[in-house]
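Residue-level listing of the chains:
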Amino acid sequence: MEFDTSTGPNARGWFGEFGGRFAPETLMAPVEELEAAYHAARNDPSFQAELARLLKDFAGRPTPLFHARRLTARLGGAQIYLKREDLLHTGAHKINNCLGQGLLAQRMGKTRLVAETGAGQHGVATATVAALLGMECVVYMGEEDMARQAPNVFRMRMLGTKVVSVSSGTKTLKDAINEGMRDWVTNVQNTHYLMGSALGPHPYPMMVRDFQRIIGQEARQQALEKVGRLPDMLCACVGGGSNSIGLFYDFIPDATVKMVGVEAGGRGPKLGEHAARFAGGRPGVLHGSYTYVLQTEDGLIANTHSVSAGLDYAAVGPEHSELHRRGRVEYTHVSDQEALEATTLLARVEGIIPALESAHAIAEVIKRAPGMPADKFIIVNLSGRGDKDLGIFQTEGIL
Amino acid sequence: MNQSQPTTRVAARFQKLRENGAKGLVVYLTAGDPSLDATGELLLALDRAGVDVIELGVPFSDPLADGPVIQRASERALRAGTTLRKILERFPSWRRSVQAPIILFSYFNPILQLGLEKFATTAAQAGVDGALVVDLTVEEAESYVRAMRERNLDTIFLASPTSTDARLEHAAQLSTGFLYLISRTGVTGERTEISSSGRLLTERARRLTSLPLAMGFGISTAAQVREVQSHADAAVVGSAVVHAIEKRFSHEGPAAIQEFVRELKSGTEVPPA
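What you see is a predicted model, and the numbers here were worked out from it, not measured in a lab.

Draft legend 1. Spatial organisation of the overall build of chain A. Counting its regular elements, chain A contains 16 helices and 14 strands. Its C-alpha atoms give chain A a radius of gyration of 19 Å, within 12% of the compact-globule value 21 Å for 399 residues. Judged by the C-alpha coordinates and their principal axes, chain A covers about 55 × 45 × 45 Å. Out of the 399 residues in chain A, the part that is buried amounts to 67%. Sequence separation of at least 24 residues holds for 74% of the intrachain contacts in chain A that already meet a minimum separation of 6. Working note: accessible area of chain A is about 13100 Å², and carbon and sulfur atoms make up 51% of it.

Take a look at the structure:
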């Protein structure tokens with residue numbers, strides 16, 4: 001099967017039929033300025049060298065590709081390899097993007113970073129980069145998420161960041177983004193909005209993907225070194241979609257590599273009970289781009305639910321919508337319960353406690369690996385670690 | 001660009017103001033706050049208070065350009081079950097009793113989900129005079145503008161102090177009726193002082209367009225209305241009116257809001273020497 005392997009975006013930020021720029025006019029000039037600055041930085045060897053230095057010496061790249069032998073043996077099928085983004089400084093892949101955007105913001109003369117956070121991993125990574133670069137930082141976080149991801153709230157505060165509780169709407173990630181954008185629209189002169197996922201008006205989805213594609217670049221190289229060929233399957237969880245697009249992007253032209261994106265199936269298929277955009281959503285506009293959105297018939301954004309705060313969001317990055325339309329990536333979802341069970345299994349069998357977000361990808365692999373022969377291999381993006389989720393494990397009766 | 005089309009109600013109103021050497025008052029309220037029946041009474045009250053253009057807000061679940069006052073109004077309206085569809089159903093009855101032009105003020109997704117063609121057709125049949133879509137940027141507006149033009153509905157775009165000249169010019173090209181100027185960066189909401197960025201923006205816009213210029217964001221008193229009108233053609237008041245509705249409508253009724261808006265309207269009158 002032939003795929004058009006270039007997803008773009010084009011100059012107006014469209015990945016095929018999805019993306020674009022939908023934002024209040026006050027933000028449009030800053031967004032244009034950001035785009036110009038990003039293009040200049042991307043082509044500037046000194047910017048790239050500084051980013052590479054920090055990714056290596058500060059964040060801890062490259063991350064290992066770990067052959068999970070006991071999990072593989074337990075499941076009895078395809079070989080399972082874990083891309084260990086959970087070993088990065090701050091505990092998740094989010095730091096890749098935050099270092100990139102932080103350096104860019106500094107280069108643009110901005111002195112203040114604002115960000116949204118769901119699980120708190122992006123908030124912690126932003127707070128960390130702000131401290132590293134000597135910038136002021138404000139993170140918006142839904143009230144519900146602050147309660148269920150409390151350790152990350154403390155970490156952000158330790159790093160000198162102001163965490164603002166958002167009590168509007170559903171009190172989760174979507175509302176934190178609304179509030180972050182309201183801050184940005186008010187303080188555009190000195191502030192950079194550090195979007196944590198491959199979402200938002202162009203150039204954010206492209207820029208965040210570019211800063212995360214190192215995951216796939218490394219995984220590809222490591223697969224060739226360790227196994228001698230490309231993987232048969234990639235699997236990653238999809239909230240906004242930054243860890244998954246980061247893993248997938250460099251494999252898009254490789255037609256033999258199957259890709260699976262895993263959304264949050266939550267408690268069930270009813271609208272409001274899950275965050276499976278490709279199962280229950282349809283194209284619409286939220287937070288800057290045209291993409292799959294969970295919404296009512298009247299175009300109001302629906303409530304979502306997931307045990308994982310990082311996947312609990314009504315829209316998905318526009319490049320994923322295009323990959324879905326083309327059939328290049330298969331999107332599926334697993335339930336809260338399946339994710340929790342996967343967490344326990346990985347902890348007990350491999351000695352790794354995954355973040356609940358990443359556990360969704362593990363849960364999908366638990367379903368698929370047994371049906372694949374032992375000479376096939378799967379790379380799963382272990383995008384973050386589960387320390388932040390201990391409170392949830394307790395609430396859910398696992399501890 | 002549309003010389004052949006009949007003059008819209010919005011254009012006629014600004015023309016009349018200009019002939020009289022007068023300035024205009026544009027008032028925003030959220031439809032369905034606290035109910036669609038109340039909206040009918042409030043539209044009439046605004047009309048009687050002498051409002052020149054009414055912006056009728058379509059409540060949205062994620063009003064990211066709005067401050068707390070309009071956010072709360074949206075939440076009340078959504079709790080009351082307000083949708084774009086229901087607003088358009090009720091519109092003809094409001095249109096029959098109100099003289100002032102009424103434009104819809106919406107986020108893009110509800111319009112997109114209804115369908116651009118269906119929205120424009122239904123709005124035109126219902127007697128809507130135009131629309132302003134706060135998160136629809138000029139570069140993504142082509143299909144929307146075409147659908148609206150075909151039905152002679154005004155399309156109002158926003159320009160901000162951060163807009164470059166190129167963006168300002170583009171917004172003016174796609175606008176009919178008037179151009180909405182944002183007085184300062186930030187979300188909607190009342191302010192005690194008007195930023196000097198507003199006057200500067202008006203001056204830049206004058207050089208690029210002959211459209212009437214209405215300025216909003218942060219204008220909440222008759223004195224501020226007067227100040228804005230030293231350079232713009234009309235002042236837009238939103239949050240202050242919505243706030244008055246929130247505080248006073250339930251026990252004082254539409255008359256109190258009419259009185260409040262009449263006071264704002266006095267800001268458009270030439271002060272005694």
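Draft legend 2. Quick peek at the overall build of chain B. If you tally the helices and strands in chain B, you get 12 helices and nine strands. Its C-alpha atoms give chain B a radius of gyration of 17 Å, near enough to 19 Å, the size a compact globule of 273 residues would have. In terms of overall dimensions, chain B has a C-alpha envelope of 45 × 45 × 35 Å along the principal axes. The buried share of chain B, taken over its 273 residues, is 63%. Pairs at least 24 residues apart make up 73% of the contacts formed inside chain B by residues separated by at least 6 positions. Summed over all atoms, the accessible surface of chain B reaches about 10300 Å², with 50% contributed by carbon and sulfur. Within chain B, the 31 negative side-chain charges are centred at a point lying 3 Å from the centre of the 30 positive side-chain charges.

Draft legend 3. Quick look at the pairing of strand S14 (residues 377–381) of chain A. Residues and elements named next belong to chain A. Counting buried positions over the five residues of S14 gives five, a clear majority of the element. Here S14 shows a buried face lined by Phe377, Ile379 and Asn381 and a second buried face lined by Ile378 and Val380. In the sheet, strand S9 (residues 233–237) pairs with S14 via three bridges, with the strands oriented parallel. What sits directly across from Leu234, in S14, is Ile379.

Draft legend 4. Structural view of the packing of aromatic side chains. Within this structure, the stated rule accounts for 18 aromatic pairs over all chains. Taking the centre distance of 6.0 Å and the plane angle of 45° together, the rings of Trp14(A) and Tyr290(A) count as tilted. Taken together, the residues span a long stretch of sequence, with Trp14(A) in strand S1 (residues 14–15) and Tyr290(A) in strand S12 (residues 289–293) at a distance of 276 residues. For Tyr290(A), a relative accessible area of 23% corresponds to the partly exposed category. With a centroid separation of 5.4 Å and an interplanar angle of 45°, the aromatic rings of Phe14(B) and Phe178(B) are classed as tilted. Here Phe178(B) lies in the loop between helix H8 (165–174) and strand S7 (179–182) and Phe14(B) lies in helix H1 (residues 9–19), a separation of 164 residues in the sequence.

Draft legend 5. Representation of the sheet that holds strand S13 (residues 329–335) of chain A. All names here are of chain A. Reading across from one edge, S3-S4-S14-S9-S10-S13 is the order of the six strands in this open sheet, with mixed pairing throughout. Looking along the sheet, the strands with just one partner apiece sit at the ends: strand S3 (65–67) and S13. Averaged over all neighbouring strand pairs, the angle between strand axes comes to 25°, with direction disregarded. The pairing of S9 with strand S10 (residues 258–266) spans five bridges and is parallel. Each bridged residue has a counterpart across the sheet, and for Cys235 the counterpart in S10 is Val260.

Draft legend 6. Structural detail: the side chain of Ser183(B). Residues and elements named next belong to chain B. Relative to the assigned elements, Ser183 resides in the loop between S7 and helix H9 (197–208). Among the polar contacts made by the side chain of Ser183, one reaches the main-chain carbonyl oxygen of Phe217 at a distance of 2.7 Å. Leaving out residues up to four positions away in the same chain, Ser183 has contacts with Pro161, Ser195, Ser197, Gly198, Met215, Gly216 and Phe217.

Draft legend 7. Expanded view of unusual backbone geometry. Residues and elements named next belong to chain A. With an omega of 10°, the peptide bond running from Gly8 to Pro9 counts as cis. Within the secondary structure, Pro9 sits in the segment before S1. Residues Arg61 and Pro62 are joined by a peptide bond in cis, for which omega reads 0°. One non-glycine residue, Lys171, lies in positive phi territory at about 60°. Among the secondary structure elements, Lys171 is positioned in the loop between strand S7 (162–166) and helix H8 (173–186). The phi dihedral of His287 falls on the positive side, at around 50°, and the residue is not glycine. Among the structural elements, His287 can be located in the loop between strand S11 (282–286) and S12.

Draft legend 8. Layout of the packing of helix H3 (residues 68–79) of chain B against helix H11 (residues 239–252) of chain B. Residue and element names in this part refer to chain B. Contact pair H3 / H11: the axes reach a minimum separation of 9 Å and the direction vectors enclose 50°. Compared by their axis directions, H3 and H11 come out oblique. Handedness of the crossing formed by H3 with H11: left-handed. Residue-level inspection shows Val69, Ile70, Arg72, Ala73 and Arg76 of H3 in contact with H11, the latter providing Ser239, Val242, His243 and Glu246.

Draft legend 9. Local environment of the interface of chain A and chain B. Taken together, the 38 residues of chain A in the interface contact 34 residues of chain B. Across the chain A to chain B interface the summed buried area is about 2900 Å²; carbon plus sulfur atoms make up 51%. Of all residues in chain A, the largest losses of buried area upon contact with chain B belong to Glu25(A), Arg182(A) and Asp298(A), amounting jointly to 23% of the total for that side. In this structure, Asp62(B) and Lys174(A) form a salt bridge, with 2.9 Å as the shortest nitrogen-oxygen distance. If you look at where chain A meets chain B, you find 26 residue pairs in polar contact (both at pLDDT 80 or more). Across the side of chain A that touches chain B, the residue classes tally to 16 nonpolar, 11 polar and 11 charged.

Draft legend 10. Representation of helix H14 (residues 336–350) of chain A. Residue and element names in this part refer to chain A. Along its 15 residues, H14 runs 21 Å from first to last C-alpha, staying within 8% of the 21 Å computed at 1.5 Å per residue. Within H14, the full set of buried residues consists of Asp336, Ala339, Leu340, Ala342, Thr343, Leu345, Leu346, Val349 and Glu350. Directly after H14, the chain includes Gly351, whose backbone phi takes a positive value near 70°.

Draft legend 11. Just the sheet that holds strand S9 (residues 234–237) of chain B, in detail. All names here are of chain B. Sheet architecture is open: nine strands sit in the order S5-S4-S3-S2-S1-S9-S8-S7-S6, paired in parallel fashion. The open sheet has two edge strands with one neighbour each: strand S5 (154–156) and strand S6 (158–159). Bridge count for S6 against S7 is two bridges, and the pairing is parallel. Bridge pairing in S7 places Ala159 opposite Leu181. Docked against the sheet, H11 engages strand S1 (24–30) and S9, running at close to 50° with respect to S1.

Conventions used here
- Starting from 1, residues in each chain are numbered consecutively following that chain's sequence as written.
- The lettering of chains begins at A and the numbering of ligands begins at 1, in the order of writing.
- In view of the model being predicted, local features appear only for residues whose pLDDT reaches at least 70, and side-chain atom pairs are presented and counted only at 80 or more, with totals across whole chains, interfaces and linings using the full set of residues.
- The basis for the side-chain values is all heavy atoms of the structure; hydrogens and waters are excluded.
- Put simply, DSSP H or I for four residues or longer makes a helix, DSSP E for two residues or longer makes a strand, and each gets a number counted from the N terminus.
- With the radius of gyration taken over C-alpha atoms, the globule rule is written as 2.2 Å times the number of residues to the power 0.38.
- Under the scheme applied here, a residue whose accessible area is under 20% of the maximum for its type counts as buried, over 50% as exposed, and between as partly exposed, the area being computed with a 1.4 Å probe on protein chains only.
- For this analysis, residues touch if any pair of their heavy atoms sits within 4.5 Å.
- Where accessible areas are quoted, they stem from the Shrake-Rupley method and a 1.4 Å probe; at the residue level, only the protein chains shown are allowed to cover.
- Two residue types count as positive, namely Lys and Arg, and two as negative, namely Asp and Glu; His and chain ends fall outside the count.
- Charge positions are represented by NZ for Lys, CZ for Arg, CG for Asp and CD for Glu.
- Here, any two strands with at least 2 DSSP bridges between them count as paired.
- Geometry of aromatic contacts follows a simple scheme: Phe, Tyr and Trp rings, the Trp one being its six-membered ring, pair when their centres are within 6.5 Å, and the pair is stacked under 30 degrees between planes, edge-to-face over 60, tilted otherwise.
- A fitted line through C-alpha atoms serves as each axis, taken over the contacting stretch for helices, and the angle formed by two N-to-C directions is quoted from 0 to 180°.
- In protein, a polar contact requires one atom able to donate a hydrogen and another able to accept it; more generally it is a pair of N or O atoms within 3.5 Å, and residues adjacent in sequence count only if both atoms are side-chain atoms.
- To sort the angles, those under 35 degrees are grouped as roughly parallel, those over 145 as roughly antiparallel, those from 65 to 115 as roughly perpendicular, and the leftovers as oblique.
- If you view the pair so one helix is near and one far, a crossing is left-handed when the near helix is turned anticlockwise from the far one by less than a right angle, and right-handed when it is turned clockwise.
- As used here, buried area is the combined drop in accessible area, with a 1.4 Å probe, of two parts when they are placed together.
- For salt bridges, the criterion is a side-chain nitrogen of Lys or Arg within 4 Å of an Asp or Glu carboxyl oxygen.
- Each residue is assigned to one of three groups, with Ala, Val, Leu, Ile, Met, Phe, Trp, Tyr, Cys and Pro labelled nonpolar, Asp, Glu, Lys and Arg labelled charged, and all others, Gly among them, labelled polar.
- A helix's residues, less one, multiplied by 1.5 Å, set its expected span.

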